[in-house]
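# Survey of secondary and tertiary structure
The chain contents come next:
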Amino acid sequence: MRHTLIAGNWKMHKTLPEARELVTALRAGLESLRGGDAVEVLICPPVQLLFPMAKAVAGARIMLGAQNAHNEPHGAFTGEVSVPMLTDTGCTHVIIGHSERRQLFHEDNALLARKVRAVVAGPLTVIYCVGETLEERESDRTRRVVGRQLDEVVKSDVPADRLVIAYEPVWAIGTGRTATPQQAQEVHAFIRERLSATYDKPTASRIRILYGGSVKPDNAAGLLSQPDIDGALVGGACLSPDDFLAIISIAAGLPRK
Ligand code: PGA
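What you are looking at is a predicted structure, and each value in this text was computed from that prediction instead of being measured.

## Let's talk about the overall build of the protein chain
- A count of helical and extended segments in the protein chain gives 11 helices and eight strands.
- The C-alpha radius of gyration computed for the protein chain amounts to 17 Å, which stays within 12% of the reference 18 Å derived for 257 residues, consistent with globular compactness.
- Here the protein chain, with 257 residues, has 52% of them falling under the buried criterion.
- Across the protein chain, every contact between residues at least 6 apart in sequence was considered, and the portion connecting residues at least 24 apart equals 73%.
- Within the structure as shown, the protein chain displays about 11500 Å² of accessible surface, and the carbon and sulfur contribution to it stands at 53%.

Below, the structure is given as structure tokens:
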């Protein structure tokens, strides 16, 4: 059985007072949510908030993750943060390969392969993001692109129990344009099939595959009820406690997979 994971990617949003307000509302909402135990909740704030947010979520069912990490454990890399440093904060997850990192910061599969290994070399879980651009989808290259993003990065040396995949079609991120549940399920099934080739079928069937890209309370049920969609990586909607809690509550009400 796969435990549903609802992760919030705060991106470069929230100052400390704003973050405290958001987490206070989230904690209160989660305490009163029935069936909430069925869902794992993760927040990924910007790096300067990891230490104070670790305190803010203490004792609550909220896990903490980072949005990026350097592939080296230490060194002369001004402005960067390493996996051992992130581990110090109490975070348990690191997002690697978000399309904004790929596009705006020119991170390619070769670099991401090193970053993924850096994350799992420590005690953390990696959320590795894949997804095609609009042009790639329209020219029928979705499988080729997503297949390469997996093959060049996820090999059998990456421990499957510390791997989460996030399928995020680039054209759906921050655009309000979501993949239909059928479009998303099709790619999720393809990803699982590819993971079966890398690991084996029973192992691949345990790896969680999240969908991301304009997930909102009004489209979450359709997406999360698909057989190979095991949760969501939520951007814009996770900045509002009401919307994020609504998505968690929808996930909690769906049958387990
Ligand atoms: P969005 O972002 O929900 O705002 O589209 C998702 C993401 O980038 O992870």
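## What to know about the packing of helix H10 (residues 217–224) against helix H11 (residues 241–252)
- At a closest axis distance of 9 Å, the pairing of H10 and H11 adopts a crossing angle of 25°. Judged by the inter-axis angle, H10 sits roughly parallel to H11. Taken as a pair, H10 and H11 cross one another with a handedness that is right-handed. Together, Pro-217, Ala-220, Ala-221 and Leu-224 of H10 and Asp-243, Ala-246, Ile-247, Ile-250 and Ala-251 of H11 make up the contact between the two elements.

## Concerning the packing of aromatic side chains
- One pass over the full model with this rule turns up one aromatic pair.
- For the cation-ring pair, Arg-101 lies above Phe-105, with the distance from its terminal atom to the ring centre recorded as 4.0 Å.

## Observations concerning the site of the ligand
- The environment of the ligand is formed by 13 residues, the closest being Lys-11, His-98, Glu-168, Gly-174 and Ser-214.
- Residue Gly-174 places a main-chain N or O atom 2.6 Å away from an oxygen atom belonging to the ligand.
- In this structure, Gly-235 approaches the ligand through a main-chain N or O atom, which is 2.9 Å from an oxygen atom.
- Burial of the ligand by the surrounding chains reaches 97%, relative to a free accessible area of 280 Å².
- For the shell around the ligand, a count of residues per class yields four nonpolar, seven polar and two charged.

## Some words on the pattern of salt bridges
- A full pass over the atoms with the stated rule returns 12 salt bridges.
- In this structure, Arg-117 engages Asp-157 in a salt bridge whose closest nitrogen and oxygen atoms are separated by 2.8 Å. One end of the pair, Arg-117, is in helix H5 (residues 109–121); the other, Asp-157, is in the loop between helix H7 (142–151) and strand S6 (163–167), with 40 residues separating them in the sequence.
- The class for Asp-157 is partly exposed, based on a relative accessible area of 49%.

## Let's talk about unusual backbone geometry
- We note that His-106 has phi near 55°; this positive angle belongs to a residue other than glycine.
- Of note, His-106 is situated in the loop between helix H4 (99–104) and H5.
- Judged by relative accessible area, His-106 falls into the exposed class, the value being 66%.
- Notably, Ser-214 is not glycine yet its phi reads approximately 55°, a positive angle.

## Quick look at H7
- Thr-142, Val-145, Val-146, Gly-147, Gln-149 and Leu-150 are the residues of H7 that are buried.
- Against the buried residues of H7 lie H4, H5, strand S5 (125–130), helix H6 (134–138), S6 and helix H8 (181–198).

## Some points on the sheet that holds strand S7 (residues 208–212)
- Taken together, the eight strands give a closed barrel; going around it, the order is S1-S2-S3-S4-S5-S6-S7-S8, and neighbouring strands pair in parallel fashion. Going across the sheet, the axis of each strand differs from the next one's by a mean of 25°, ignoring polarity.
- Sheet strands in contact with H5 are strand S4 (93–96) and S5, and its direction is about 160° off that of S5.
- Across the sheet, H8 touches S5, S6 and S7, and the angle it forms with S7 is around 150°.

## Considerations on the nonpolar core
- Judged by nonpolar contacts, the single largest core of 72 residues is most densely connected at Ile-6, Tyr-128, Ile-165 and Ile-191.
- Those residues in contact with Ile-191, other than ones at most four positions away along the chain, are Val-130, Val-146, Leu-150, Ile-165, Tyr-167 and Ile-209.
- Counting residues in each nonpolar core, the second largest holds 11 residues, with Leu-5, Leu-42, Cys-44 and Val-164 among its members.

## Digging into the packing of helix H1 (residues 16–31) against H11
- The interhelical angle for the contact between H1 and H11, taken along N-to-C directions, is 35°, at an axis separation of 9 Å. By crossing handedness, the relation of H1 to H11 is classed as right-handed. Taking contact as the criterion, the partners of Leu-22, Ala-25, Leu-26, Gly-29 and Leu-30 in H1 are, on H11, Pro-241, Phe-244, Leu-245 and Ile-248.
- Residue classes in the contact of H1 with H11 are distributed as eight nonpolar, one polar and no charged.

Conventions and cut-offs
- Along each chain, numbering runs from 1 in the same order as the chain's sequence is written.
- In keeping with the predicted nature of the model, local features appear solely for residues at pLDDT of at least 70, side-chain atom pairs appear and are counted solely at 80 or more, and the whole-chain, interface and lining totals rest on all residues.
- Excluded from the side-chain calculation are hydrogens and water; included are all heavy atoms of the structure.
- What counts as a helix is a DSSP run of H or I of at least four residues, what counts as a strand is a run of E of at least two, and both are numbered from the N terminus.
- Each radius of gyration is computed over the set of C-alpha atoms, and the globule rule expresses the reference value as 2.2 Å times the number of residues to the power 0.38.
- Three exposure classes are used, based on accessible area relative to the maximum for each residue type with a 1.4 Å probe and protein chains only: buried under 20%, partly exposed in between, and exposed over 50%.
- Note on contacts: a residue pair is in contact if any heavy atoms of the two residues lie within 4.5 Å.
- Throughout, the Shrake-Rupley method with a 1.4 Å probe supplies accessible areas, and for residues the shown protein chains are the sole cover considered.
- Axes here refer to lines fitted to C-alpha atoms; in helices the fit is confined to the stretch in contact. Angles between the N-to-C directions go from 0 to 180 degrees.
- Relative orientations are named as follows: roughly parallel for angles under 35 degrees, roughly antiparallel for angles over 145 degrees, roughly perpendicular for angles from 65 to 115 degrees, and oblique for any other angle.
- A clockwise turn of the near helix away from the far one marks a right-handed crossing, whereas an anticlockwise turn of less than a right angle marks a left-handed crossing.
- To pair, rings of Phe, Tyr and Trp, with the six-membered ring standing in for Trp, must have centres within 6.5 Å; the planes then decide the type, stacked if under 30 degrees apart, edge-to-face if over 60, and tilted in the middle.
- In our convention, an over-ring charge means Lys NZ or Arg CZ found within 6 Å of a ring centre and within 35 degrees of that ring's normal.
- We call a residue near a molecule or strand when any one of its heavy atoms sits within 4 Å of it.
- Counted as a polar contact is a pair of N or O atoms within 3.5 Å, where, for protein atoms, one must be capable of donating a hydrogen and the other of accepting one, and residues adjacent in sequence contribute only when both atoms are in side chains.
- Amino acids outside the nonpolar list (Ala, Val, Leu, Ile, Met, Phe, Trp, Tyr, Cys, Pro) and the charged list (Asp, Glu, Lys, Arg) are all regarded as polar, and Gly is one of them.
- Any Lys or Arg side-chain nitrogen found within 4 Å of a carboxyl oxygen on Asp or Glu counts as a salt bridge.
- Here, any two strands with at least 2 DSSP bridges between them count as paired.
- Buried Ala, Val, Leu, Ile, Met, Phe, Trp, Tyr and Cys residues form a nonpolar core when they are joined through side-chain atoms within 4.5 Å.

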